[in-house]
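Here are the chains, one letter per residue:
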Amino acid sequence: GHFFSLHAKTRSYGCIPLSSWQKSLLLLISRLAMSSGTSDADACQRHQHSAIIQLKDWISLSKFSTLETTREILCQPKHVNNEVKSTSIDAKFDVSENKGINAAAAATEVRRLCVMHSIRVAKYIINRLASDGVDQSNFESTIHLNIDEITSENFLVEIQVPSEMPLTDSSFVSSNELLQICDLAQIKFILESSLDVKLVPTLQNTIGFQIDEMLQHDIFQKLGVLFYELFTCDGSNPPNLKPESKVSSHDTTRDGVRAGNHEDEEQPGSEKGRRKYTEFDTSKAMKRLDLSGTMESLQQKSLPMSICWLVTDLLECGMRKEGMFLSLMDVFSELTQIMNEPEIFVYEENISHMALNFCGKNLYGRNDALSTLIQAALTTPLLSESDMSSVVLIGGDPGAGKSRLVDAIKEPICKRGWQFLSCKFDRLTQNQPLSTISSTFNDFFRSLAKMRSELEDGVLVDEDQNQFIESVTASVESHLSASGVVFLSKLIPGIKSLFPDIFRRVVIDEDDSEGDQTQRHDGVKKRAGGNNIARNNDIDVISDDESNCDEDDYDDYDFLVSRSTKNRLHYLFQKLTQAISSPEAPIMLFLDDLQWADKESLDLLTSLVIDVDPLSIEEDADQRCVCFVLAYRNSEDCENPDLVYCVSALEGSDAARTTHIQLEGMDIEGTNAMLANALKLPIRLTRPLSEVVHQKTLGNPLFVKVFLTMLCEENCLSYSLNERRWMWSIDDIRQKSMDKGLALVLSEKLLRMHCDVQEALTFVSCFGKRVQRDVLSMASRDAEELSQLMACLETAVEENILEEDNGYYSFPHDLIQQAAYERVPKEVAFSYHFNIGLRILKNSVFKGQTDPISLVSFVALDQILAAKSVTVSEPALRVPLAALFLRAGRYSLGVAAFPSALSYFERGLSFMGDDGWELNFELSLRLHESACHACYLNALPDRVPTYVDEVISHTENFMDQVKCHHMAMRTLASTGKIKKAIYKFFEVMKELGEEFPDKVDPSLIFSTLTSTKDDLSKYSTEDLLNSPKMTDKRKQWAIILMGSMSPYIFMVTPMLSPMISARIVFLSLRYGLTTESAFGLFMYSYGIGCLLQDIDEGHRWIRTSRLMLERFNATSQYPKLKCVQYAFLIYLKEPFQSITSVLLDCRQETMMVGDIEYAIFSSTWRGQFAVLTGEHLSQVEKECDSLSKDMIRLKQTQSILDNASMHSMALQLIGSSKDPFALSGVSFKDEDEVLEFVEKSGNKAHAISIYTYRVVTACFFQRYEDAAEMIEKYHSKLTKEDFRIHTVIYTFYEGLIAFRTARAQPDVEKWPKIGGRAIRSYQTWAKHSEWNFENKLLLLEAEWLLTKGEYDSAEKKYVASMESAHRHKFVHEEGLAMALMSHYFKSRGDAGKEKEYLDGAIACYEKWGAFGLVSHIRGN
């Protein structure tokens, strides 16, 4: 049992006649419910309360017996609670602990518990009457018993009894023995353990016979007598049944001799009274039954109407009534219907028989869909082990029951430890950007905070819940940084209460920084070509931080101009779902009505599903366990292109397993079940009506509901007080039509209502499907109008057009909302929206009662946005409205809602009109700049020039144009027009007073870096960090633009990069520091360390650049700076193995701040260092493969050929035939074609990568001639200014090939020179990092000595190189040194040493995972 815990005792099975069991049942349940075993009155009342609830919940478990096995498993509670929650019993009678139980109500409750138990027994009886059970095909045609043997004495109830209870040899239990049990625990056990109903032994082998139509009626009548006795629990017969007409197994024999009756306590099944099969016609005896008063008798015994109808109709089957039982299956189905819906058919006082019953969460005809959904949920933990998500796509027409299907699984999965999060999109309103999705997470964290508060206050005591809360908070802290939590709190304010320490630090930091802010309180500011900034309604039209260009404005703007905001938001949500879910506590995230979702929400959804820690390469990463359930309409009028793209992406992703569920109309059985429950009638009675309704509605659940309601309104369906049931006319209903469509039917229903109610519904429909009462009050003109509105809405609630719950009004279905909204023309609806929005603003924001970016403000602004072209002409309203839309747009940018932001900016511009520049210059400028910015972020390059030209034509000051010029540059670069972007960059820099030379040569670079070094030598680190902030706006923007364009300049013209860095340092020293000063200082440190080989000087300024970022609190920029510092310079001093670990951290840190570009770079560079360290090649290959796919998915393909080249090398060493360039999404015939393409495109960085990895591969495979040929091509292209990690890799292998080729070509002078230059480079690097470069230098020196013929010295260097490589964990280079040593001994003719070192090399290569290389060596 699920609810009763007993001490382990030996139990045995016993059987009791059904007649005796039913007589005992009522007394046992009554004794259990009404006896507490204590004299304490309060304890007695509490016990009665608990006992009745336990019994009801126990019996109600049987409702699950007819569902699928999967659902039965899922519905089992994961942990059995000691407490059993009350469902609806408290509504039936007073059972509170402080009050006594009403005796009459308790007696009724006990009676109904008996009814529920008796239904189970009745189903067992029907099952026994069938030959092989209800699921067999011959259920309808065969019966085992003779008709007159269908009596209570011939059926046995099998139960488990305590070991103390003595049983007879035949294991029979008498009712007297049962009634002597007083131990309540034993009574509970006996009641819950009734397992089955059997026939008495003498009847179990009776051969069945065919049932004809006449005999079937007699069987039903006989069942009616049996069920009358069964449900009344007192052994009585139907009233007016004459003793001589009672038919039993002891009535007559074939010869008419009556058999003797045995007493109740006699063991059943004895031969006494057992008659043989006869042809006795029982129908005559049954016809003598007087049925008058049967219904009244059953009602007097407090039996539900459903049982009264069942028994009466069984007794009246011979009268050929309409809706009579046709088969035993009909009886079984009706019993199942009553058992599965006790709230409707047993606990009748909770519902009104005179009203249609559409309450509850019943599913009709959706068993297959429910089973599919459950299976998808059950596989979620298994998929999470493979970093996959389960996605269920539920499509269907409006009203098909998509939401109801998912609701049906909510309760059972929550019992299994799941968390159920849900949200619903609306056709009209979105309010704050991304608020729909974020609201479900907000509710989750608010519930956790409330639960924690109750636990701390002692209101709730639940150790499991406390552990869950602590695990969630700890997991969130480990997955998200403090800045990430703060960032998410913009959309999920509920998260604040769980992490007070984080936000306490934020408040302190903000207080500390307030002193640095320059507060301007002047009400008027003059700009060139503009007018004064007006202040209206005592509110700043433009707030200080928006209207003034102080130094903080640039930091904020620089943060906003990057697309990293969106990337960061997506990544943080990914980490959040990973933090709050696990295989032990999975999450089901249900997004309903996805056809109304905006693009930002769909982008976030797509990222959540398929970008699961997209660049993750850890094998032990925490598993995210989320089942995404997405419901949407398939109808053409709801087609959303963004949704189509989203679904396509989900279906094509390797990170998700999609399951499709298409909900069509219910079948006829489902429609009949829905009608039966709605009318509170047995399914056999509603079958003729269901056939007509199904034909009219095609089984659509919402259509069925609306159609039935329409029939009631037109009196085609009505409740009869005389018959005490619903009645209808089939002919009249057949004349009704639903061909006009549901929307028109709903519209006609609205038109039949009072005009004031219609107007109120249209007013409410402007808010969407749901609106808060407080918002309606703000949208009303005055108290009188609000009162009239509320009265009309109450009328709509009474008519079931609206629903009211917890301060909200909502439409039962969005089709009803749509009908109300489309009642008026679009132009009228637009005026509704505009007036609503304006009133809300006047009653809240304009009065200073609400924050301008609060939810209420967004409700108002969205209403005005929905008004399309409706505007105002009064400047007193135009300016404040435009200013509010500017603020809303900037907020939207901050939460990565770029499409919404552009809509807000453009709506703000519409209020400014043609004379906006003269009306308010500053506001017009800000709106145009922001719209230009939003176009760039929304990847709308064709619209950017429009705003740029508009700003240029209306401004005279170049500083008013610089932001738009910046957007123009970035737009060109992002669309691949890098050279045009750089050309424009130099034009703008010239306007800002910063010119650069047309040609740059190495001598100019050297002199510039040397001059910068001299300037910096005058400053200590402390002096530099204490330099003032830059205040010159022109120089600020010059540094911003140089920092923004430097990656593109380094890509195309790397020789200009040192000039850019030197200029940033120069301006910073002369005019003050900015955030970009830190990057300029690092770029200088790279130039001085790598180009001038002053590594110590370079490292000094690396540390200073980090401290500089800390001074500006630029935490979002630090991961990027850290990434490039380690990948470009720090590796010259620190071990390569530590660099790979740091770059792995950089990947996650850059993703945390949304910088996907540098997250890709960090992963690419990590792979390069993995090659240097000799990491196992299978892991390198796996990372390369994953990274190429991620680059394509995230549209960051700038390094994809670098990665493909490294992938190609790894595959060749492993021995795989996979095509890395095909895997990367690039179509090339071979690597030579790739190299040709790269050289023609002028991308020097890619060419360097390809040459490097080809030389490395050729060296390991001993293809020295091929390698020498590539070196000859590449050597002329390499310049000193191209220094990067590839230079370190290439220089080493180039030196080895050069010495090998020098021995083969002794007359060629260049090869020893190339090798000598490699040795000199490694001698310099080895001074700074013996760990990284010693073994490589020793191997180069060994090859050089071998080339000179100094064999003994060369041999010592080989051995030293091997030992150094082993000591510093470079297994691949240890193997390479052994392979070269083997060749040395081969040339010396020492076969033994040759084999010894060759075997050693093979062992190292195998440890490295280079099995393809090993096969190549052995093959040769």
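See the structure above.
All values derive from a computational prediction rather than experimental measurement. (Residues numbered from 1 in each chain as written. Predicted model: local features only at pLDDT ≥ 70, side-chain atom pairs only at ≥ 80, totals over all residues. Heavy atoms only, no water.)

Enquirer: Tell me about the environment of K1029, and please be specific about residues and values.
Expert: Position of K1029 relative to the elements: it lies in the loop between α45 (1021-1025) and α46 (1033-1052). Given a relative accessible area of 37%, K1029 falls into the partly exposed group. Sequence separation between K1029 and F1112 is 83 residues; the distance between their C-alpha atoms is 9.5 Å. Those residues in contact with K1029 that lie beyond four places of it in its chain are Y1071, G1072, L1073, R1111 and F1112. (Helix = DSSP H or I, 4+ residues; strand = E, 2+ residues; numbered from the N terminus. Buried < 20%, exposed > 50% of the residue type's maximum accessible area, 1.4 Å probe, protein only. Contact = heavy atoms within 4.5 Å.)

Enquirer: Requested: an account of the pairing of strand β11 (residues 626-633), with residues and values cited.
Expert: With respect to burial, β11 is a largely interior element, eight of its eight residues being buried. Taken together, the seven bridges between strand β6 (residues 389-396) and β11 define a ladder with parallel strand orientation. Residue pairing for β11: L393 is matched across the bridge by L630. Sheet topology places strand β10 (residues 587-592) next to β11; five bridges connect them, and they run parallel. (Pairing = 2+ DSSP bridges.)

Enquirer: Would you mind going over the packing of helix α31 (residues 755-765) against helix α35 (residues 826-843) in detail, with residue names and values included?
Expert: Two elements in contact, α31 and α35, have axes separated by 10 Å at closest approach and are oriented at 70 degrees. With respect to α35, the axis of α31 lies roughly perpendicular. The segment α31 lies against α35, with E759, T762 and F763 engaging Y832, I836 and R839. Grouping the amino acids of the contact of α31 with α35 by side-chain chemistry returns three nonpolar, one polar and two charged. (Axes fitted to C-alpha atoms, helices over the stretch in contact; angles between N-to-C directions. Parallel < 35°, antiparallel > 145°, perpendicular 65-115°, else oblique. Nonpolar A, V, L, I, M, F, W, Y, C, P; charged D, E, K, R; others polar.)

Enquirer: Please set out the side chain of S900 residue by residue, giving values where relevant.
Expert: Tracing the backbone shows S900 in helix α38 (residues 898-912). Reaching out from S900, the side chain makes a polar contact with the side chain of E600 at a distance of 2.4 Å. With near-sequence residues (within four places) excluded, S900 lies in contact with P433, E600 and S892. (Polar contact = N/O pair within 3.5 Å; in protein donor to acceptor, adjacent residues only side chain to side chain.)

Enquirer: Account for the side chain of Q221, naming residues and giving values.
Expert: Positionally, Q221 belongs in helix α8 (residues 213-232). On the basis of relative accessibility, which here comes to 9%, the residue Q221 falls in the buried class. Separated by 3.3 Å, the side chain of Q221 and the backbone oxygen of L315 make a polar contact.

Enquirer: I'd love a proper account of helix α64 (residues 1391-1408), names of residues and values included.
Expert: Given a rise of 1.5 Å per residue, 18 residues ought to cover 26 Å, and the 25 Å separating the end C-alpha atoms of α64 matches this to within 8%. For α64, the full list of buried residues reads Y1397, G1400, A1401, I1402, C1404, Y1405 and W1408. One or two residues past the end of α64 sits G1409, with phi positive at roughly 95 degrees. (Expected span 1.5 Å × (residues − 1).)

Enquirer: Before we move on, can you summarise helix α14 (residues 367-378) with the specific residues and values?
Expert: Owing to its 3.6 residues per turn, the α-helix aligns residues three or four sequence positions apart on the same side. Over its 12 residues, α14 extends 16 Å from the first C-alpha to the last, a length consistent with the 16 Å expected when each residue adds 1.5 Å. Among the residues making up α14, those that are buried are A369, L370, L373, I374, A376 and A377. One face of α14 carries all of its buried residues, which in axial projection span an arc of 160 degrees. (Arc of directions from axis to C-beta.)

Enquirer: So what's going on with the packing of aromatic side chains? Residues and values would help.
Expert: A full pass over the atoms with the stated rule returns 38 aromatic pairs. A centroid spacing of 5.8 Å and a plane angle of 50 degrees characterise the contact between F1260 and Y1293, whose relative ring orientation is tilted. Highlighted residues: F1260 in helix α57 (residues 1244-1260) and Y1293 in helix α59 (residues 1285-1304), separated in sequence by 33 residues. Residue Y1293 is classed as buried on the basis of its relative accessible area, which comes to 5%. With a centroid separation of 4.8 Å and 70 degrees between ring planes, the pair formed by F1292 and Y1293 is classed as edge-to-face. (Phe/Tyr/Trp six-rings, centres within 6.5 Å; stacked < 30°, edge-to-face > 60°.)

Enquirer: Provide a residue-level description of the environment of D1145, including the pertinent values.
Expert: As for its placement among the helices and strands, D1145 is situated in helix α51 (residues 1136-1152). Sequence separation between D1145 and C1123 is 22 residues, and the spatial gap between their C-alpha atoms is 9.1 Å.

Enquirer: Report on the pattern of salt bridges, specifying residues and quantitative values.
Expert: All chains considered together, the criterion is met by 35 salt bridges. Note that D593 is salt-bridged to K424, the shortest N-O span being 3.1 Å. One end of the pair, D593, is in the loop between β10 and α24 (599-610); the other, K424, is in strand β7 (residues 419-424), and 169 residues separate them in sequence. Classification of D593 by relative accessible area gives buried; the value is 6%. Notably, a salt bridge pairs E1350 with K1348, separated by 3.6 Å at the nearest N-O pair. The exposure class of E1350 is partly exposed, given its relative accessible area of 36%. Overlapping salt bridges bring together D313, E334 and R684 as one network. (Salt bridge = Lys/Arg side-chain N within 4 Å of Asp/Glu carboxyl O.)

Enquirer: Any chance you could break down the sheet that holds strand β16 (residues 803-805) for me, citing the residues and the numbers?
Expert: Pairing is antiparallel in the open sheet, where three strands are placed in the order β15-β17-β16. The open sheet is flanked by β15 (770-772) and β16, the only strands paired with a single partner. Averaged over all pairs of adjacent strands, the angle between strand axes in this sheet comes to 20 degrees, irrespective of strand direction. Alignment of β16 against strand β17 (residues 808-810), held across three bridges, turns out to be antiparallel. Across the sheet, residue E804 finds its bridge partner in β17, namely Y809. Along the sheet face, helix α33 (residues 783-798) touches β16 and β17 and points at about 55 degrees away from the line of β17.

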